[in-house]
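So you can see what is in the structure, the chains are spelled out below.
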Amino acid sequence: MLRPFCDGVSRRELLRVGSLAGLSLAEFLRAQQASAESRPGGTTPKKDVNCIFIFILGGMSHHDLWDLKPDAPSEIRGDFKPIQTNVPGIQLGEIMPRVATVADRLAILRGMTHGDPDHGRGFHIMMTGVKAAGAADFNGNKNNNQHPSFGSMVARMTKAGGPLPPYISVPNFIDSGGPAFLGASYAPFVIESDPASPDFAVRDITLPAEITSDRNLRRQAALREINRIERGVEDVSNNVRALDTFYEKAYGLMTSEAAKEAFDIRREKDALRQDYGMTSLGQCCLLARRLVEAGCRFVTIENGHWDTHRKNTESLRDLLVPSFNQAIPALLGDLAARGLLDSTLVVVSTEFGRTPRINALAGRDHWPGAFSTVMAGGGLKTGQVVGATDKLGAAVVDRPITPADMAATILTTLGIDPHTVLHTPLGRPVELAAGGKTIDELISQGSRSAGGSPAASFDDIAGGPPALR
């Protein structure tokens, strides 16, 4: 049992950090070091690209935002009209006028498709690129990864630079955002606080207020002396011999001015904060920019709740889209102004789309068969649309894109071979993005037209999915 120091604060309490899946910061760093020593060769990224991964929780409606169908019947097209963007031939929903001004920085993937209409399973496939097996519903279990999340893959396959953890999640842990068989050392560092809150603080990355600098220096000296004595015991384990090293690293992070500065969003000018919007999404995006700028490799942002089964129009127009419409252009513009856009991949994802037909409650239900995600930055070829759905937005009719394809593209952009094979503790080989193919339109010279969808009629799908009948 760890005994408290004389001021009542134990060594574990001193070195406990935010939320690292129950690990103290020193334990987290020690596990990362052990894993780094066993990394396979040739996994260092070819280029230093970081990622901000924005997950729209609940299911984004492609019909109202990214893939409007103005010629469809009213019960399909909804209430919003398309508007022109700054890229000829690309239209977006009228409730995103600011996003429309940065369409040249976006690659809109209208061909996304998978077959899981459940939220929990949708989280898993869109956070990992792999379809979940087994139980039909993951919603009651947050630690549900059967395959590592994108952030955990990046943490495993790269070396973090600077004082920050390689994988950070804000403003909470996202379901299926865990490391699976990779182990807790590749779990995200979770900032369980909303940076839009006036009292925002990253928990436990600073020394307790009651511990003065002089007292802490004396404590560090005492700890080093204890560990020196422990190292002299013949039967002491290697872990104990190395323990002081990892506590020193933990202490280094807690006292690092660079780390404190990265987490301290109040250092930003008020004008820039207002440009992002004083909302959860806006301030999370601003914090994410600070984190990748300071060396974090992968930041995940959760924004909810977009599960618009009721009053879809009002929910999108009045509650959900305004902060999104403000934050995304501000993030892209800020990254570009700082010379970081080409070295920062921005992904806007969601677990699935919404049904083409508006339901009796004026809402749209779950629809994984066809929906849209967005990528920007990272040196990708942007200002284009990849894939197309039919005139009702019900099915992908050109260039289908799977979650595994998205995974392969993210990893490739970050300099990681998506077909790398790792092994579980039992020795089972697991490919990072099995079956995934990079979206070549984004990373090669070839690109597809942003033109309209192929011809289809309402009657063509009369015998289709029940939600459309």
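Engineer: Explain the pattern of salt bridges to me, using residue names and the numbers behind them.
Structural biologist: For the coordinates displayed, the defined rule picks out 19 salt bridges. Between Arg297 and Asp48 there is a salt bridge, with its nearest N and O atoms 3.7 Å apart. Of this pair, Arg297 sits in the loop between α11 (280-293) and β7 (298-303) while Asp48 sits in the loop between α2 (25-37) and β1 (50-56), placing them 249 residues apart in sequence. A salt bridge links Glu268 to Arg290, with the shortest nitrogen-to-oxygen separation between them at 2.6 Å. Linking Glu268 in the loop between α9 (257-263) and α10 (270-276) with Arg290 in helix α11, this pair joins segments that are 22 residues apart in sequence. Note on accessibility: Glu268 and Arg290 belong to one class, buried. Connected through salt bridges with shared partners, the residues Glu268, Arg289, Arg290, Glu293, Asp334 and Arg338 form a single ionic network.

Engineer: Can you explain helix α13 (residues 403-413)? Please cite residues and give values.
Structural biologist: Burial of α13 is extensive: 10 of the 11 residues sit out of reach of the surface. Within α13, the full set of buried residues consists of Pro403, Ala404, Asp405, Met406, Ala407, Ala408, Thr409, Ile410, Leu411 and Thr413. Once α13 ends, the next one or two residues include Gly415, with phi positive near 80°.

Engineer: I'd like a rundown of the sheet that holds strand β8 (residues 344-350), residues and numbers included.
Structural biologist: In a beta sheet, neighbouring strands pair by backbone hydrogen bonds and run either parallel or antiparallel. Sheet architecture is open: eight strands sit in the order β6-β5-β7-β1-β8-β11-β4-β12, paired in mixed fashion. Two strands bound the open sheet, and with one partner strand each, they are β6 (189-190) and β12 (384-386). As paired elements, strand β5 (residues 167-170) and β6 share two bridges and run parallel to each other. Looking at the pairing, Ile168 lines up with Phe189 of β6. Seen against the sheet, α11 touches β1, β5, β7 and β8 and runs at an angle of roughly 175° to β7.

Engineer: Please give an account of the environment of Pro82 that cites residues and values.
Structural biologist: Its location among the elements puts Pro82 in strand β2 (residues 82-84). Accessibility expressed as a relative area gives 27% for Pro82, which makes it partly exposed. Once residues lying within four places of it in the same chain are set aside, the contact partners of Pro82 are Leu68, Pro70, Gln91 and Leu92.

Reading the values: rules and limits
- Residues numbered from 1 in each chain as written.
- Predicted model: local features only at pLDDT ≥ 70, side-chain atom pairs only at ≥ 80, totals over all residues.
- Heavy atoms only, no water.
- Salt bridge = Lys/Arg side-chain N within 4 Å of Asp/Glu carboxyl O.
- Helix = DSSP H or I, 4+ residues; strand = E, 2+ residues; numbered from the N terminus.
- Buried < 20%, exposed > 50% of the residue type's maximum accessible area, 1.4 Å probe, protein only.
- Pairing = 2+ DSSP bridges.
- Contact = heavy atoms within 4.5 Å.
- Axes fitted to C-alpha atoms, helices over the stretch in contact; angles between N-to-C directions.

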